Amino acid sequence: MRKFKIFKIFILTLLAASVCSCNKYLDLKPQDGITQQDFWQTKEQVQSAVIGCYTGLLTASSSGHTIPDFMFMWGELRADMISASSSSTLGSSNDELNVISDNILSTNTVTDWAAFYRVINYCNTVIDYAPNVLKTDKTFTQAQLNGYLSEALTIRSLLYFYLVRSFGDVPLKLKSTTTDNDLVQLATTPQKTVLNQIVTDLNTAEGYAVASYGTNAYDKGRVTKYTVNALQADVYLWMDRYADCITACDKVINSGRFGLVAGDAGWFNTLYVNGNSSESIFELQFDTQLLNPFYNMFLTSTKRYLAEPNIIEDFYGLDSNDDNDKDIRGADAAVHTADLTIWKYVGLTANTTRTVDISYAHWIVYRYADILLMKAEACANSGRGQDALDLITTIRTRANALTSNGSTIQGTDQHPDPTDVNGLTDYIVAERAREFAFEGKRWYDVLRNAKRNNYARIDILINTIAKSVPPDMQQSAINKFMDHNSHYFPIFQHELTTDPNLVQNPFYK
Amino acid sequence: MKRIYSNIFYLLFLFQLFYAVTASAQTPEKILIKGKVIDQKDKLPVIGASVVEQDKDKRTVTGVATDIDGNFAIKVTNTANKLSISYIGYKTKVLDIGDRRVFNIVLEPAQGKILGEVQITGNKTVNNGTGMNIDERDRTTAAVTLNAKDVEELQAATIDQAIQGRLPGVDIVANSGDPGAGMSIRIRGTSTINGVTNPLIVVDGMPFETTIPTDFNFATADDQQYANLLSIAPSDIKDITILKDAAATAVWGTRAANGVLIINTKRGTQGAPSITYTFKGSFSKQPSAIPLLSGDQYSSLIPQEVMNVTGTPLNTFNIKEFEYDPNDSYYYYNYSRNTDWVKALTQTGYVNDNNLSISGGGEKARYFASVGYTDQKGTTLGTGLQRLNTRLNLDYLVSNKIRFTTYFAYTHSSTQANFPTSKNYGVLAEAYIKMPNMSIYEYDEYGNLTPNYFSPASNVQGLYKYYGASSNGVSIYNPVAMANAALNNTVDDRVTPHFNLTYHIVPSVLTATSDVQFDIDNSRNNQFLPQTATGRPITETTVNRAYDYDYDVFNVQSKTNLIYTPQLGEKSTFQGLLSLQTYDNKIVSQSIQTANTASTILQDPSADSRIQNSDLGIASGTTETRAVAALISGQYSYLDRYILNVGLRGDGNSRFGPQHRYGLFPSVSGRYRMSGEPFMKKFSNWMDDLSLRASYGQSGNAPSKDYLYYNYYTNYTSNYLGMSGVYPSNIQLNNLRWETVVGTNLGANLIMFKNRINIDVEVYRNRTHNLFSNNLAISSFNGFNNVSMNVGTMDNQGYEFSIFATPYKSSKWIVDFNFNIAHNENIIRSISPYYPNSSGNTTLNGSYLSLLQIGNPLGSFYGYKYQGVYKDAAATIARDKNGAPIYAPDGTPVQMRFNYPATNYIFQPGDAKYADVNHDGNIDYKDVVYLGNGNPKFTGGFGPTITFKSNLKLTAFFNYRLGGQIINGTKMITTNMYSFNNQSTAVLRRWQKPGDLTDIPRALYNYGYNWLGSDRYVEDGSFLRFRALTFRYNFNQSFVNRLGIKNLSAYVTAENLLTFTKYTGQDPEVGSSGTGIFSQVIDNSTTPPVKTYTLGLTATL
């Protein structure tokens, strides 16, 4: 029986050994990513997390669209510069066509805000975890931390600003989601509260942000103090806080770092093809590694959009005697008139396009012209009509905007009285359409001006609709737009089914 | 990994120990023994006979051979040992040594029979795979065993095809008819909604890995499929047992929650070599498909479809595909055909399967070796499979106490599939929608056919878009070119060495076994998408796109068992088991995807090509899973009537966080053999056995992904301003816990008339607690769209009945009959509030609503009631309850509308008419009604076997499903007239002008609501299928002997001969699509099951 005893001892040791080492044996770590417990140790890691927020802006989310793609769709589709004809040769989806014709249901994937909240979560993660790195990395300074925080805060504010302008009331989540304990079911926060949060965050970010990174590309591609100011101006203008808007604009104007690119032969190349011009304040930097979505959106046979067919006549005017006398922002800049291709992001010169491998035109979020026209709008609404007209003139002069001569030249000049706020508003809205054609701003410009003073100028919106919706749906679309709730998107079905606390925009109920 | 090695080390150590212990028991002095061996008959010396000293366990101590004169001399170590003298052709003699020193031995020649196979009689025992051997008649749990003989005639390339429909409660559905495609196996429904629904497969006592890496990128093998089961040749299989109730599966714990399939392969037996050759050859033909429009019919439909929307004729000036202008030779010749795309894409398939095996062995060593080769060609162009498999099972009996067994299997297979253009739309689906007026090959400008594929970059129907293998998108391409020129080949090499050592520590009381199994699976998938198939311009990445995916699986598992079977006297028996198991699975994968190689001939990504787009590039992954388990289990039987089995299993799994890593899963089951009671004696003349069984058991299920309890940061593949960024790529799951299946089962067995009738009844409920949901949708403001979570409780409940009977038996004729029927339903008992309560959108065409209803069986779907077509303008006026027209306040009649005010579509004459259930003149969600449930009420099979003089055998087998509604998705897409896709000939009777009375609405291009989810597409899915008919002939022994072989038999099998069903689609055998609570049974298949005819031959030498 000695054998048996030895065997028994052996089995017992085996048992004991396996119990002890089990936990270690079962503790496996992934090899293709760094765990959160191992991350957030050094300042380099903070930086890569912040850079991740920017890259997140440029990469496609689960819906397949990138944020610039959404910024374009949200800012342009419901407005009047996109062709409303649902030609079968276009690659646009039914969802997109339905937005163009203002026939939006809560199942429309264009209203899926997931891409925005995804990056908001990246920003929240930086804001939550970066300050702890001060403890583990002694070479990490408070100033560096503040710089990174300003970037995260500003990107988050920018995204929330897009959300409130598109959806009205939205859920406001300011804490990161790291574990399944962090999951929440939020109700929507009123638009006003979200805007106030944005204002607070931007004020913090303004104090933290750097004025320059020392490199031009960084200054244009990352958040600087002036990015914050530009966004502040936009937010204040949306909130009808004109004085604050003018202050924010002046900070950019007085910095002396920005100016308009001269409206000469190189204008298009400098501003759009090369990017990062002296006019640019913040633009999202695509490059050879990460191409932009615009090539497929505007150029290939699967292109999703064409410009509105009469865009030149409707917005830019014509000189019937001299083809070369034209608004530089129209033909061959915004649009290629021959086939209505949206040209701004795919054109290389006046008549050649980018090829797919160099399709990395940047997406311009703010540029100096925007500051000038925002200031003009704030001035017009705060009794400084002449200042507004001067600013418009600056923009028009650079662009060689056409002035009517009553016969051969059909111009775009308007002559409102400096005290005529309505006239000034119409002029600014039209000028902004010319200046920022297809830059994802048109719908927001129209809505901002229409809703001012309790929808005193709803006519701006209605006129836009009349142009953008196919004739057979026009009347119903106009009726819809009398309900102010219809100006905002419905909450996407996915969100409603997953969160009982969310209440659908009453228009779509 | 380290732990595994140390385990192996322990095992070796164990070994050493045995040797050391036995060696020390020997005495050093040696005694010389001499002698002579002669033949009994002719008294001549026997040369080369082996003379061996054996200890009491029959272990060889020393051995010598006799010389030319038959003399031998051997130094024995212990006179208590025995001397064994043996030679081939003679009976072995074993003699005590004692004091004798000279042995003159006379060997008797053996009679021929001695070398024959040993017939083993006795009760059939069932191995639940863990090591305990329980008599089948004492089994306390629900399980069925299927002998491979039962199914050997089928041409099945895989065992899962062979067992389809033959076992109650086991539902197997073919995923596709293509070679190498797997099947989905469900044992008593699905107990989980997280995707891993396959049962655990145990081969020769060790779990067999059937999962494939999650990043595996092909359309024909998602994780639902058993493609990997292919690697066991059906002819190598001895038997298959399916464990169904939780008490039976509990011993396998984690991964066994969906049932266990136990496969034992053949082993060698003592005797002369027996060589068996089997041949199976079959050919299969795809039955005719849904009749589709010809080119002429199609080109009159499309202009009408467009005109009904725009009000103006189709502009053939722009859309030249319908221009038919001889002056435009390109369009005229290439777009004026009547192409039958489906016919062009199908071929006659064949299977050619050869298997050669040899088995036999002597007293010490036994062997079974086989080599097989299968060559298969599918019925769709470009599909096929070649497989070479070998197996060597060796037993070596060191002594009565120690036995080694090794199983060594190697499989090499090569599968050709069609290029995965998207998940649900293969080339055949493309052939169905492809415009039939288009040519397969391009015509030149003079109208001569060229050998070039006609693949325009785009036409009115659309163009090729690369969606990726996992998407559902449809793109347009030339399917014949795609099937012939594109590539999707997989080469798989798998080697599975398995070592087993059995040590009878105390013979027939205590046994230890140790198993180690290595499983190395290397697979390489090559795909290529040529420009000739898509026609896209050379700058796009869909041109000459090459993909190479490589994965290696390294799997090490070990199992150490102690089995205790004490002798408790006459009245009771006991078997106890202690088992320790470890599992380590590591998967390393890498892939390369490039595009724009210089030529369609350069099909490998190693050729110069481009990777700059984000959809191209290289990727790799590593993932590892580990698990440990300890099991203690015992079965006690008293008076052969009262049988009790108790088990407890502890599991640890690396997929859980430290808080919830370990689980304990008990099980208890019992059997009461009523027929053994004294008061039942009076029935004993006809009743063999009547038993009642009851069981309760738990088993745990781990999630299907690794590392879920970490929040980790992943690098972006691209830089921003030259700096690299990271992002948190998942949610850390702190709260994920074991999904536990708690199963209860009640069963009864009745065996009567000397085994002539054998009845088995089971009632069960499997309740899954802490149901996993892999991608539970969460509100995206959390930063993520979904999360894995334990969400609720689900039941699978049902009953099964099976009968095996021999109604007639005489000396010449034997008639066997078997029948089985099963019912299963899936019910959600509770669910997290995060879980969405409905799926599907009834405001969109083609979508049905599924609702989550706690307490009701899953699988119900809802939609509109279809009432035909509005025949004219008067019919579109809304009517109230009494049928009177509704008038607006201004006196005008109200028109029927759809989804007012959001959609507000006004129905026109010729539109589909849906029942306005609430009579409000508006078709919307309030008019949605219950339409059906996709789950069958009953499933099962039956069939007779008739044997004549044991020479002729006729087997027929039917399987059936009763109840259950199917959404005929094929009908939907082939009659919707919503796009430029080709349609079925049913649309020829469409509404065309006011007054037409028909059931098919007017054609509307991309407009209207003519194909909303309605009962128009819902059909009863009941069917009865004549699954197989086999006629087998065993040749007469006398005839066979003249040919010099032992056995010869031949058979002919026809499969899928007939299907009786009311279903109008191609095939009513449809699995539910999509996993999860809202899966609906939608038939998107366009191909009926192929009819197959097989000729088989088995010869034993």
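## Digging into the nonpolar core
One finds W40(A), W74(A), W113(A), F116(A), L163(A), Y305(A) and F438(A) to be the most contacted residues of the largest nonpolar core, which totals 162 residues. In terms of residues, this core owes the most to one element, helix α7 (residues 142–167) of chain A, which gives 14 residues. Leave out the neighbours within four places in its chain, and W40(A) touches Q45(A), V46(A), A49(A), T125(A), V126(A), Y129(A), A130(A), V133(A), T136(A) and Y713(B). Counting 41 residues, the second largest nonpolar core, distinct from the first, contains Y298(B), M438(B), Y464(B) and L529(B).

## Focus: the environment of V346(A)
Residues and elements named next belong to chain A. Secondary-structure assignment places V346 in the loop between β5 (341–342) and β6 (363–367). Residue classification places V346 among the buried residues on the basis of a relative accessible area of 0%. Here the alpha-carbon distance between V346 and I371, two residues 25 residues apart in the chain, equals 25 Å. Setting aside residues up to four positions removed in sequence, V346 forms contacts with F294, Y295, F298, L299, T341, T353 and R354.

## So, the sheet that holds strand β7 (residues 102–107) of chain B
Residue and element names in this part refer to chain B. Spatially, the three strands line up as an open sheet ordered β4-β1-β7, and their pairing is mixed. At either margin of the open sheet sits one strand with a lone partner, and together these are β4 (71–76) and β7. Across the sheet, the axes of successive neighbouring strands diverge by a mean angle of 30°, strand direction being ignored. Pairing of strand β1 (residues 31–39) with β7 involves six bridges; the strand directions are parallel. Counted as the bridge partner of G35 is F103 from β7.

## What to know about helix α5 (residues 114–129) of chain A
With 16 residues, α5(A) extends 22 Å from end C-alpha to end C-alpha; this agrees with the ideal 22 Å at 1.5 Å per step. In terms of residue burial, α5(A) counts as a mostly covered element, since 15 of its 16 residues are buried.

## Here's the deal with the environment of Q286(B)
All names here are of chain B. With respect to the helices and strands, Q286 occurs in the loop between β17 (271–285) and α4 (295–310). Taking the relative accessible area as the measure of exposure, Q286 reaches 15% and is therefore buried. Distance in space between the C-alpha atoms of Q286 and G349 is 8.3 Å, their sequence separation being 63 residues. Side-chain polar atoms of Q286 contact the side chain of T379, separated by 2.8 Å.

## A look at the interface of chain B and chain A
The partner chain A presents 87 residues to the 85 residues of chain B that form the contact. Each partner contributes to the roughly 7,700 Å² buried at the junction of chain B and chain A, and carbon and sulfur atoms together form 61% of this total. On the chain B side of the interface with chain A, the three residues burying the most area are Y713(B), Y720(B) and F781(B), jointly 12% of the side's total. Counting the contacts that link chain B with chain A gives one salt bridge. In this structure, D27(A) and R661(B) form a salt bridge, with 3.0 Å as the shortest nitrogen-oxygen distance. A total of ten residues in the side of chain B that touches chain A trace back to one element, the largest contributor, which is helix α1 (residues 2–24) of chain B. Tallied by class, residues from the side of chain B that touches chain A come to 46 nonpolar, 29 polar and ten charged. Alignment of strand β1 (residues 34–35) of chain A against strand β34 (residues 712–720) of chain B, held across two bridges, turns out to be antiparallel. Each residue of the ladder has a partner; that of I34(A), found in β34(B), is Y713(B).

## Considerations on unusual backbone geometry
Excluding glycine, residues mostly carry a negative phi; peptide bonds, for their part, are mostly trans. Residue and element names in this part refer to chain B. Of note in this structure, N596 is not a glycine but carries a positive phi near 60°. Position of N596 relative to the elements: it lies in the loop between β29 (572–594) and β30 (617–638). In this structure N596 comes out as buried when scored by relative accessible area, which is 12%. One non-glycine residue, H919, lies in the positive phi region at around 55°. As for its placement among the helices and strands, H919 is situated in the loop between β46 (912–914) and β47 (922–923).

## Things to note about the pattern of salt bridges
Considering all chains together, one arrives at 68 salt bridges over all chains under this definition. A salt bridge links D548(B) to R524(B); the shortest N-O distance between them is 2.3 Å. One end of the pair, D548(B), is in strand β28 (residues 545–564); the other, R524(B), is in strand β27 (residues 510–529), with 24 residues separating them in the sequence. In this structure D548(B) comes out as buried when scored by relative accessible area, which is 8%. Here R524(B) falls in the partly exposed class, since its relative accessible area comes to 35%. A network of salt bridges, in which partner residues are shared, links E279(A), D327(A), R329(A), K344(A), R367(A), R396(A), R398(A), E431(A), R434(A), E435(A) and E439(A).

## Quick notes on helix α17 (residues 421–435) of chain A
All names here are of chain A. In a regular helix each residue adds 1.5 Å, so 15 residues correspond to 21 Å; α17 covers 20 Å between its end C-alpha atoms and thus fits that length. Summarising burial for α17: twelve of the 15 residues are buried, a large majority. The set of residues buried in α17 consists of G423, L424, T425, Y427, I428, V429, A430, E431, R432, A433, R434 and E435. Capping the start of α17 is the job of one residue whose side-chain oxygen sits 3.3 Å from the backbone nitrogen of N422: D420.

## Quick notes on the confidence of the model for chain B
Residue and element names in this part refer to chain B. Residue-level pLDDT values for chain B average 82, and 86% of them are 70 or greater. Across residues 216–227 the pLDDT falls below 50, and counting only partners more than four positions away or on other chains, this stretch makes 42 contacts in the model. Predicted complex, confidence summary: ipTM 0.89, pTM 0.77.

## Quick look at the environment of A512(B)
Residues and elements named next belong to chain B. Relative to the helices and strands, A512 resides in strand β27. A relative accessible area of 6% places A512 in the buried class. In this structure, the C-alpha to C-alpha distance between A512 and I973, residues 461 residues apart in sequence, is 61 Å.

## Quick word on a nonpolar patch on the surface
All names here are of chain B. A contiguous nonpolar patch, built from L568, Y636, Y638, Y642, L644, V646, V668 and Y696 and spanning about 640 Å² of accessible area, is present on the exposed surface. Of the residues forming the nonpolar patch, the biggest block, three residues, is contributed by strand β31 (residues 642–653). Structurally, the position occupied by Y696 is in strand β33 (residues 687–701).

## Things to note about the packing of helix α18 (residues 442–455) of chain A against helix α19 (residues 458–468) of chain A
Two measures define how a pair of helices packs: the angle their axes make with one another and the distance between the axes. All names here are of chain A. Between α18 and α19, the least distance of the axes is 7 Å, while the angle of their chain directions is 145°. In contact with R442, W443, V446, N449, A450 and Y455 of α18, α19 contributes I458, I460, L461, T464 and I465. Classifying every residue of the contact of α18 with α19 by side-chain character gives eight nonpolar, two polar and one charged.

## Remarks on the packing of helix α11 (residues 242–254) of chain A against helix α15 (residues 368–380) of chain A
All names here are of chain A. Contact geometry for α11 and α15: axes closest at 9 Å, N-to-C directions at 150°. Considered as vectors, α11 and α15 are oriented roughly antiparallel to each other. The hand of the α11/α15 crossing is left-handed. Facing α11, whose interface residues are Y242, C245, I246, C249, D250, V252 and I253, α15 presents Y368, I371, L372, M374, K375, A378 and C379. For the contact of α11 with α15, a count of residues per class yields twelve nonpolar, no polar and two charged.

## Some points on the sheet that holds strand β35 (residues 723–728) of chain B
Within the open sheet, the three strands sit side by side as β1(A)-β34(B)-β35(B). Their pairing is antiparallel. Every other strand in the sheet has two partners, leaving β1 of chain A together with β35 of chain B as the edge strands with one partner each. Sheet strands touched by helix α2 (residues 43–58) of chain A: β1 of chain A together with β34 and β35 of chain B. Its angle to β35(B), the strand with the most contacts, is close to 85°.

The rules behind these values
- Residues numbered from 1 in each chain as written.
- Chains lettered and ligands numbered in written order.
- Predicted model: local features only at pLDDT ≥ 70, side-chain atom pairs only at ≥ 80, totals over all residues.
- Heavy atoms only, no water.
- Core = buried A, V, L, I, M, F, W, Y, C linked by side-chain atoms within 4.5 Å.
- Buried < 20%, exposed > 50% of the residue type's maximum accessible area, 1.4 Å probe, protein only.
- Helix = DSSP H or I, 4+ residues; strand = E, 2+ residues; numbered from the N terminus.
- Contact = heavy atoms within 4.5 Å.
- Pairing = 2+ DSSP bridges.
- Axes fitted to C-alpha atoms, helices over the stretch in contact; angles between N-to-C directions.
- Expected span 1.5 Å × (residues − 1).
- Polar contact = N/O pair within 3.5 Å; in protein donor to acceptor, adjacent residues only side chain to side chain.
- Buried area = accessible area lost by both parts, 1.4 Å probe.
- Salt bridge = Lys/Arg side-chain N within 4 Å of Asp/Glu carboxyl O.
- Nonpolar A, V, L, I, M, F, W, Y, C, P; charged D, E, K, R; others polar.
- pLDDT = per-residue confidence, 0-100.
- Patch = residues over 30% accessible without salt bridge, like charges linked within 9 Å, V, L, I, M, F, W, Y side chains within 5 Å.
- Areas by Shrake-Rupley, 256 points an atom, 1.4 Å probe, with all protein chains shown as cover.
- Parallel < 35°, antiparallel > 145°, perpendicular 65-115°, else oblique.
- Left-handed = near helix turned anticlockwise from the far one by under 90°.

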